[in-house]
Amino acid sequence: MEKVMALAGKGSGIHLYLPESFEWLLLSSDIFKDKDLAHMLENTADYAASEIYGSWERFFTRVLVEITQGTYLAYAKESLNRAYLQGNIPEKVLREMEGITFHKSE
């Protein structure tokens, strides 16, 4: 990590994006329209009891699994549901990654 940070600091065009977790990225990317979810993401410490989850990643995984259970977006940590690669979902996730620019190859 030290070498990556040094390289990024030299203006090499490297940008680091370090979200809480991949599950957090999906939850925060406007795929799910839910005011309660938005409030929870802004105030995670009020919801993610460390004695229960051990990490925010585990908490976000549980939330994502619960809100997608029984839907076409059903989430499992072991394998990414192909639905997340369809339609406008990839663009919504990429838009959440502030400061990162992606160029589609043709």
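You'll find the structure just up there.
All chains use their own residue numbering, which begins from 1 and follows the written sequence. pLDDT decides what is reported in this predicted model: residues at 70 or higher carry local features, side-chain atom pairs at 80 or more are listed and counted, and totals for whole chains, interfaces and linings draw on all residues regardless. For the side-chain quantities, the full set of heavy atoms in the structure was used; hydrogens and water were omitted.

1. Re the pattern of salt bridges
Criterion for a salt bridge: a side-chain nitrogen of Lys or Arg within 4 Å of a carboxyl oxygen of Asp or Glu. If you walk through the whole model with that rule in mind, you get four salt bridges. For Glu23, the salt bridge goes to Lys77, with nearest N and O atoms at 2.7 Å. Placement of the pair is Glu23 in helix α2 (residues 22-28) and Lys77 in the loop between α5 (56-68) and α6 (89-96), with a sequence separation of 54 residues. A run of H or I in DSSP counts as a helix once it spans at least four residues, and a run of E counts as a strand once it spans at least two, with each numbered from the N terminus.

2. Observations concerning the packing of helix α3 (residues 35-42) against α5
The angle between two axes is taken between their N-to-C directions and runs from 0 to 180 degrees, where each axis is a line fitted to C-alpha atoms and a helix contributes only its stretch in contact. Where α3 contacts α5, the axes come no closer than 13 Å and their chain directions differ by 175 degrees. Between α3 and α5, the crossing angle belongs to the class labelled roughly antiparallel. Contacts from Leu37, Met40 and Leu41 in α3 reach Phe59, Phe60, Val63 and Ile67 in α5. When the residues that make up the contact of α3 with α5 are grouped by side-chain class, the tally is seven nonpolar, no polar and no charged. Note that the term roughly parallel is reserved for angles under 35 degrees, roughly antiparallel for angles over 145, roughly perpendicular for angles of 65 to 115, and oblique for everything else. Any two residues having at least one pair of non-hydrogen atoms within 4.5 Å are treated as being in contact. Only Asp, Glu, Lys and Arg are considered charged, only Ala, Val, Leu, Ile, Met, Phe, Trp, Tyr, Cys and Pro nonpolar, and every remaining residue, Gly among them, polar.

3. Here's the deal with a nonpolar patch on the surface
Nonpolar side chains collect at one region of the surface, where Met1, Val4, Met5, Leu7, Ile14 and Leu16 lie side by side and expose about 520 Å² of accessible area between them. Tracing the backbone through its elements, the reader meets Met5 in helix α1 (residues 2-9). Burial status follows relative accessibility: with a 1.4 Å probe on protein chains alone, a residue under 20% of its type maximum counts as buried, one over 50% as exposed, and anything between as partly exposed. Taking relative accessible area as the criterion, Met5 reaches 46% and is therefore assigned partly exposed. Put simply, a patch holds well-exposed residues, over 30% relative accessible area, that have no salt bridge, with like charges counted together within 9 Å and Val, Leu, Ile, Met, Phe, Trp or Tyr side chains within 5 Å. Here, Shrake-Rupley sampling with a 1.4 Å probe gives the accessible areas, and only protein chains in the shown set may cover a residue.

4. A word on the packing of aromatic side chains
Two rings from Phe, Tyr or Trp (for Trp, the six-membered ring) form a pair when their centres are within 6.5 Å of each other. A pair whose planes differ by under 30 degrees is stacked, one over 60 is edge-to-face, and the rest are tilted. A full pass over the atoms with the stated rule returns three aromatic pairs. With a centroid separation of 6.4 Å and an interplanar angle of 85 degrees, the aromatic rings of Trp56 and Phe60 are classed as edge-to-face. Of this pair, Trp56 and Phe60 are both found in helix α5, four residues apart, which corresponds to roughly one turn of the helix. In textbook terms, an aromatic cluster arises when at least three aromatic residues are bridged by ring pairs, as seen for Trp56, Phe59 and Phe60.

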